[in-house]
Amino acid sequence: MKIQSRPNDLPLFGEADFSSIKTADIYTHSSPDGDAIGSSLAVLSIMSSHGIKSRVFCEGPFPKKYSFLPLDKYNTEMPEYFSDSAFFVDCGDIKRVGNTFSDVLDSYQLKINIDHHIDNKLFGDVNIVDPCASSTAELIAGIVGTNNIDIQTAEYLYVGILSDTYGFSTSSVSSKTFMIASTLIDKGINSNRIWKEVFRLPSDTLLFYAEVLRTSETEKDVIYCKVTKELMEDFSVSEEDTEGLANYLLQLKDIDTVVLLRERNGSTRLSFRSSGNKDVGALSRKFGGGGHKLASGAVIEKDLVSALSIVKKSLTI
Ligand SMILES: [Mn+2]
């Protein structure tokens, strides 16, 4: 077991004897993004390579674009028995694992929480949490080191870093991010192929984005984008297909904040993105959500029109 050290600048809460781990269950959040998938697959292969019998769990749904990764490794149902330890990766809150695994935390002797969300609830026996890390994948690579990992694990970690930093473009990117990415590339991964898998869009997705943009509302440097169920039906896109939309719209010139509202049955899912000036993590916490300063989300138990006016009010205060 190699996860025993930590970066010097982050607190390690609690104590755990890692050498006692014989079996491990690895969880990541529902509606996983590239960091959740890359980080959990990386922990799975690192554990397995140390002879620890490991399984990986995620409720899904999985974005189609990550089908180039071995998504068939994921267990999507509650386990019938529990391993002696559980890793939770990229989850700021245990609730992020989703309803399928809602009671899972109490089933393990040892809970290890590895994450980079600033509002992490420190729910583990061991909490390896560094809000300065660009991604959970960067944090894992920094802790485990890249010397003893194989090319497959390097690819998983690179996917996590690349996707969570939107191609090394966020303010969370540091020289350490590039150093780690560089050592992963030295393992022999094909960074160009991975970039294409993560960022290239099918034309029907771009047409959907265009329609969302056409029906959006802009107030100063804030853009409000409404994704109705009707629109998703018209373009045959699912909620997980809309995941990349808010990030994509951050590329708009003169826009500092993206507010994406997605219509659900009786509620509205909010995604916030900021290019730097606004703390959208604080904003989403007003609505019971969570996330980072620059990327966050929440759910409002109101229809889309009411949710829109609530968010507008709170942004103009
Ligand atoms: Mn992440």
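Residues numbered from 1 in each chain as written. Predicted model: local features only at pLDDT ≥ 70, side-chain atom pairs only at ≥ 80, totals over all residues.

1. Here we look at the overall build of the protein chain
Step number 1: When its secondary structure is counted, the protein chain shows 10 helices and 13 strands.
Step number 2: Taking 317 residues into account, the globule formula puts the C-alpha radius of gyration at 20 Å, and the protein chain, at 19 Å, falls close to it.
Step number 3: In terms of its C-alpha atoms, the protein chain occupies a principal-axis envelope of roughly 55 × 40 × 35 Å.
Step number 4: Out of the 317 residues belonging to the protein chain, those deemed buried represent 44%.
Step number 5: Sequence-distant contacts, at least 24 apart, represent 64% of the contacts inside the protein chain between residues at least 6 apart. (Helix = DSSP H or I, 4+ residues; strand = E, 2+ residues; numbered from the N terminus. Rg over C-alpha atoms; globule rule 2.2 N^0.38 Å. Buried ≥ 20, exposed ≤ 12 C-beta atoms within 10 Å, placed from the backbone. Contact = placed C-beta atoms within 7 Å.)

2. Re the sheet that holds strand S12 (residues 290-291)
Step number 1: If you walk across this open sheet you meet the six strands as S8-S9-S10-S11-S13-S12, and the pairing is mixed. Both edges of this open sheet fall to strand S8 (217-219) and S12, since each of them pairs with a single strand only.
Step number 2: One ladder, built from two bridges, connects S12 with strand S13 (residues 295-300); its direction is antiparallel. Residue Gly290 lies in a different strand from S13, and its bridge partner there is Gly297. (Pairing = 2+ DSSP bridges.)

3. Observations concerning the pairing of strand S2 (residues 23-28)
Step number 1: Among the six residues of S2, five are classified as buried, and the element is accordingly described as predominantly covered.
Step number 2: Pairing analysis gives five bridges linking S2 to strand S3 (residues 53-57), with the strands arranged parallel. Following the sheet pairing, Thr23 is matched in S3 by Lys53.
Step number 3: In the classification by handedness, the crossover that spans S2, the intervening helix H1 (residues 34-49) and the parallel S3 is right-handed. (Right-handed = clockwise from strand over helix to strand, strands pointing away.)

4. Side note on the domain arrangement of the protein chain
Step number 1: Considered domain by domain, the protein chain is made up of domain 1 (12-197) and domain 2 (203-316).
Step number 2: Relative placement of domain 1 and domain 2: their C-alpha centres are 26 Å apart.
Step number 3: Contact with domain 1, which involves 12 residues of that partner, is made by 10 residues of domain 2.
Step number 4: Partitioning the side of domain 1 that touches domain 2 into residue classes produces four nonpolar, five polar and three charged. (Domains from an automatic or database assignment. Nonpolar A, V, L, I, M, F, W, Y, C, P; charged D, E, K, R; others polar.)

5. Looking at unusual backbone geometry
Leaving glycine aside, a negative phi is the common case for residues, and trans is the common case for peptide bonds.
Step number 1: Gly60 connects to Pro61 through a cis peptide bond whose omega is -5 degrees.
Step number 2: Structurally, Pro61 can be placed in the loop between S3 and strand S4 (74-75).
Step number 3: In this structure, Ser31 takes a positive phi of about 45 degrees despite not being glycine.
Step number 4: With a phi angle near 70 degrees, Asp254 is a residue other than glycine that sits in the positive phi range.
Step number 5: As for its position among the elements, Asp254 is in the loop between helix H8 (245-249) and strand S10 (257-263).

6. Topic: the packing of helix H3 (residues 151-164) against helix H5 (residues 191-199)
Step number 1: Between H3 and H5, the least distance of the axes is 10 Å, while the angle of their chain directions is 55 degrees. Of the possible angle classes, the one that applies to H3 and H5 is oblique. Helix-helix and strand crossings are classified by hand; for H3 and H5 the assignment is right-handed. Side by side, H3 and H5 meet where Glu155, Tyr158, Val159, Leu162 and Ser163 of the first sit next to Ser191, Ile194, Trp195 and Val198 of the second.
Step number 2: Class assignment of the residues belonging to the contact of H3 with H5 gives a composition of six nonpolar, two polar and one charged. (Axes fitted to C-alpha atoms, helices over the stretch in contact; angles between N-to-C directions. Parallel < 35°, antiparallel > 145°, perpendicular 65-115°, else oblique. Left-handed = near helix turned anticlockwise from the far one by under 90°.)

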